[in-house]
Amino acid sequence: MSGDSNQEHKCIGRAAAIPSRSREIALKVCLGLLLTLAMAFIALPVIALFFRSPLDTILETLRDPVVIDALRLSLMTSTITTFTVVIMGTPIAYVSARFNYWGKELADSLIDLPVIMPPAVAGIALLVAFGRMGLVGHYLNTTFGISIAFTTLAVIIAQVFVSSPFYIRQARTSFEDVDLSLENAARTLGATRVYTFFHVILPIAMNGLISGAIMAFARSLGEFGATIMFAGNFQGRTQTMPLAIYTAMQGDLDVSLCLSIILVAFSFVVIVLVKILTRKVYKRC
Amino acid sequence: MLEVDIKKRLRDFDLRLKLDIDRGKTLMLVGDNGCGKTSLLNLVAGLDTPDEGRIALDGLALFDSEKKINIPPEARGIGYVFQSYALFPHMSVYDNVAFGLRTRKMPADEIDVLVKEHLDRAGLWDVRKAKAADVSGGQKQRIALARALIIEPRLLLLDEPLSALDVRKQAKMRRELKESIRACGVPCIIVTHDLRDVVSMGDFACLLEMGKVALMGCAEEVIAWGSGQDDVGDLH
């Protein structure tokens, strides 16, 4: 009797196992398909870019003064922007990671705002703040004769505005990850707050800070909406690579393709660098 | 001599303490989790500020709420071994031990002599170039102690110094620790959960309950009292 019951039990077990195994296979196939589709969706436009532009055309377009000006301006402004964001953003990120103060939630939300704000809106906002007739711009213009809008400085301001959260958010997380007892240990060993920051906290958080800076640089390099609204589209002065791509699209597609390929190649390097840097984390000890 | 007479509002209760520890004496601080042991060490080290009271070392005030004195932790000259050891993971064993001397801007050749002496004594010279994260638990404990002792502290604070080690290593490290503390000759407070530490390392012991001294006496007295109490028996 008990033997029969065992037999029955085994049968039920096997019967249940077969559909579960086929369900698992079906699930794997679905997920595989989904992944392939997603990869194709991202890879296809990138591959198409390279297909449409033979290497000799790319090299030839690289000599075009519009391309050279756009490249030079983009690299210069993005570098200045990244330095500005790192210098201003590092103390802000540290304070945000370590201290509680009145209005901290509001300040943190404000720092993150440009990430979700449409770039075109950011451009208009900057224009009504720093434009010739803007809230601060009007005062700067009448008192000091300084006009910011439609200059290279405006390009940098627009880039700082949109890219700073990318750095600050990453830096804040990196500082939060530094064990507080390390700071305390350094202090009891005779280190001042400043010495502790530069010799203990900063080196440990460095990989995260560098990857944040790279993200901010990449975001500045790709910045379009806020720049065209606030700085305009003048070759050699405010026409960065994305703006030059947009302008060239209306005339010479080769130029816009060439600039696009440079940006794609750069974005790929950025992603690889960030992945390598964020993988290396110090073990806690 | 360390004199502590402080009051501090913690999250769930008030920490109220009055303690005196003579030079060369070791106080073992025992009590349940969250009774204020580590908070007391942090207050003495200057990593946290008491609401009121006085902390003095060799007659000099480190903190005095009436006279508005609050010496920052870096100027207190206190050797603190943290529970997790808090070794700097990006530095070598050598650099960890040299850290306190470098903050004092001591010349490199003098640092070299002192660090070599301490690393030799702790049996760490061979691993001096290894990253602090890559050495064994026992070695980490020795590095943390050497790093605290090299600054010639006027007071030693140790927060559960043996808890991160496996049981076999604990007995050996307990002996080593006792010898190092004796040689140092300064007042010492050791926080522990382990009553074996209390007996073997302490000159006297203090049982903390909800931020207050429940019992103070020689180590044997605290153990004897503790063995009759269920919750203190759990300290093991």
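Everything quoted here is computed from the prediction, not taken from an experiment.

1. Details of the sheet that holds strand E2 (residues 14–21) of chain B
Residue and element names in this part refer to chain B. Pairing within the open sheet is antiparallel, and its five strands lie in the order E2-E1-E4-E5-E6. The open sheet has two edge strands with one neighbour each: E2 and strand E6 (69–70). By the bridge criterion, eight bridges tie strand E1 (residues 2–9) to E2 in an arrangement that is antiparallel. By the bridge assignment, Lys7 is partnered in E2 with Arg16. Its contacts with the sheet place helix H1 (residues 37–45) against E1, E2 and strand E4 (52–57), and it is angled at close to 115° to E1.

2. Digging into helix H12 (residues 253–279) of chain A
The terminal C-alpha atoms of H12 of chain A, which comprises 27 residues, lie 39 Å apart, in line with the 39 Å expected from a rise of 1.5 Å per residue. Taken as a whole, H12 of chain A has its buried residues at Val255, Ser256, Leu257, Cys258, Leu259, Ser260 and Ile262 of chain A.

3. Digging into the sheet that holds strand E7 (residues 78–81) of chain B
Residues and elements named next belong to chain B. Within the open sheet, the six strands sit side by side as E7-E8-E9-E3-E10-E11. Their pairing is mixed. The outermost strands of the open sheet, each flanked by one partner alone, are E7 and strand E11 (212–217). In this sheet, neighbouring strand axes are inclined to one another by 20° on average, regardless of whether the strands run parallel or antiparallel. Two strands pair when backbone bridges link them, and E7 and strand E8 (residues 155–159) are joined in this way by four bridges, in the parallel orientation.

4. Some details on the domain arrangement of chain A
Residue and element names in this part refer to chain A. By the assigned domains, chain A splits into domain 1 (1–52) and domain 2 (57–279). Look at where the C-alpha atoms of domain 1 and domain 2 centre, and you get two points 43 Å apart. In this complex, domain 1 contributes four residues to the contact, which on the side of domain 2 involves four residues. In terms of residue class, the side of domain 1 that touches domain 2 is made up of three nonpolar, no polar and one charged.

Cut-offs and rules
Residues numbered from 1 in each chain as written. Chains lettered and ligands numbered in written order. Predicted model: local features only at pLDDT ≥ 70, side-chain atom pairs only at ≥ 80, totals over all residues. Pairing = 2+ DSSP bridges. Helix = DSSP H or I, 4+ residues; strand = E, 2+ residues; numbered from the N terminus. Contact = placed C-beta atoms within 7 Å. Axes fitted to C-alpha atoms, helices over the stretch in contact; angles between N-to-C directions. Expected span 1.5 Å × (residues − 1). Buried ≥ 20, exposed ≤ 12 C-beta atoms within 10 Å, placed from the backbone. Domains from an automatic or database assignment. Nonpolar A, V, L, I, M, F, W, Y, C, P; charged D, E, K, R; others polar.

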